[in-house]
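Letter by letter, the chains look like this.
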Amino acid sequence: MLSRTADHLFWMNRYTERAENTARLLDVNYQTSLLPQSEAVALSGWQGLLSISELMFSYKEKHGEINAKKVMDFMVKDESNPSSILSCLTAARENARAVRGALTTEVWETLNQTWLEVKRKVKAGEFEDDPAQFFDWVKFRSHLSRGVTVGTMLMDEALYFMRLGTFLERADNTARLVDVKFHAVESDFYGTANLKKDQEYDFYHWSAILRSVSGFEVYRKVYRDVIKPERVAELLILRPDMPRSLHSSLNEVVSNLKMVANDQSTETQRRAGKLRAELEYGRIDEILATGLHAYLTQFLDRVNDLGAHISRDFLIPTPV
């Protein structure tokens with residue numbers, strides 16, 4: 001496959017996944033901002049959101065003071081922000097248009113219709129009228145895109161590069177979410193605060209994190225217990241059966257890399273395999289003992305390095 005074609009397919013799915021993850025994060029932050037809480041706690045939530053996406057500098061440069069409405073506008077419909085939902089869905093559509101011949105009619109029409117609809121919704125003010133419904137729509141369109149892709153695309157290199165983009169992006173976003181959200185907790189890390197209000201805050205905080213990755217029901221099924229931070233971390237990092245966990249995402253990255261392997265990708269496969277092996281045989285108590293932030297920071301560096309190696313081996317290398 002031509003590297004240019006592979007590049008468009010890879011980034012088409014990365015942008016679609018990024019739009020979905022942004023919608024998930026905004027939705028959870030919006031829902032939790034409606035709970036009784038101090039202004040400082042609410043503000044820290046929006047600051048955390050900008051930190052997760054590495055958008056703090058560009059936001060402050062444009063808007064200065066942080067407030068909920070400006071952050072949501074910036075991350076949903078600001079076309080000058082390349083990571084906004086509108087920008088991501090536009091970029092996904094443009095990449096799809098560039099390789100229209102490599103896609104089935106259903107995949108192209110799904111992405112094109114999503115782009116047309118999001119422009120209409122933003123223009124009509126539907127996002128402002130009901131943010132939660134808008135975020136649900138973005139998530140649904142991403143699910144639809146993924147389902148149509150798996151259901152209609154030939155199982156060849158085109159599909160493997162698309163899935164490679166999806167799961168590399170997912171690993172990156174989940175790691176960012178866990179890192180920033182664990183840092184946001186001011187009460188005791190393990191949720192053993194004595195005050196009832198702290199315990200209630202812990203519950204809403206951790207359940208919000210789980211809901212942002214569709215993991216609330218999964219947690220209940222797996223652990224059958226109260227929500228504990230160390231178990232939330234274990235579920236989102238080490239569980240291979242949790243679809244949005246780091247382990248599950250790396251399983252997909254490794255298997256799809258294997259399907260597109262060429263003569264120069266041996267080192268890339270080794271790095272991906274090593275990272276996956278560490279997740280497969282890791283233990284959450286060891287990770288917490290050495291420091292969750294340090295672990296996730298290193299993980300993000302290695303995922304970014306993996307992305308650079310994939311670009312070098314298969315795609316059109318872009319300056320980082």
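The following refers to the structure shown. Only a predicted model underlies this, so the values are computations on that prediction, with no experimental measurement involved. (Residues numbered from 1 in each chain as written. Predicted model: local features only at pLDDT ≥ 70, side-chain atom pairs only at ≥ 80, totals over all residues. Heavy atoms only, no water.)

## Structural notes on the overall build of the chain
Right, so step 1: When helices and strands are counted, the chain shows 16 helices and zero strands.
Right, so step 2: For 320 residues, the compact-globule estimate of 2.2 N^0.38 gives 20 Å, and the chain sits close to it at 20 Å.
Right, so step 3: When the accessible surface of the chain is summed, it comes to about 15300 Å², and 52% of that surface belongs to carbon and sulfur atoms. (Helix = DSSP H or I, 4+ residues; strand = E, 2+ residues; numbered from the N terminus. Rg over C-alpha atoms; globule rule 2.2 N^0.38 Å. Areas by Shrake-Rupley, 256 points an atom, 1.4 Å probe, with all protein chains shown as cover.)

## A closer look at helix 5 (residues 85–98)
Right, so step 1: Along its 14 residues, helix 5 runs 20 Å from first to last C-alpha, staying within 8% of the 20 Å computed at 1.5 Å per residue.
Right, so step 2: Burial analysis of helix 5 places 10 of its 14 residues in the buried class, the great majority of the element.
Right, so step 3: Of the positions making up helix 5, those classed as buried are Ile85, Leu86, Ser87, Cys88, Leu89, Ala91, Ala92, Arg93, Asn95 and Ala96.
Right, so step 4: Looking at the buried side of helix 5, the elements it contacts are helix 1 (3–33), helix 4 (68–76), helix 6 (105–124) and helix 8 (131–152). (Expected span 1.5 Å × (residues − 1). Buried < 20%, exposed > 50% of the residue type's maximum accessible area, 1.4 Å probe, protein only. Contact = heavy atoms within 4.5 Å.)

## Section: the pattern of salt bridges
Right, so step 1: In total, this model carries 30 salt bridges according to the counting rule given.
Right, so step 2: The residue Glu54 makes a salt bridge to Arg176 at a minimum N-O spacing of 2.9 Å. In this pair, Glu54 sits in the loop between helix 2 (39–52) and helix 3 (56–63) while Arg176 sits in helix 9 (residues 157–183), placing the two residues 122 residues apart along the sequence.
Right, so step 3: Exposure remark for Arg176: the relative accessible area of 13% places this residue in the buried category.
Right, so step 4: The partner of Arg271 in a salt bridge is Glu267, and the shortest N-O contact between them spans 2.8 Å. (Salt bridge = Lys/Arg side-chain N within 4 Å of Asp/Glu carboxyl O.)

## Things to note about the nonpolar core
Right, so step 1: Ranked by internal contacts, the top residues of the largest apolar core, which has 78 residues, are Leu26, Ile85, Phe135, Val232, Ile237, Phe299 and Ile310.
Right, so step 2: The contact partners of Phe299, leaving out residues within four places of it in the chain, are Ala171, Ala175, Leu246, Leu250, Leu275 and Leu279.
Right, so step 3: Ranked by size, the runner-up nonpolar core spans 14 residues in total, among them Val99, Leu111, Met153 and Ala158. (Core = buried A, V, L, I, M, F, W, Y, C linked by side-chain atoms within 4.5 Å.)

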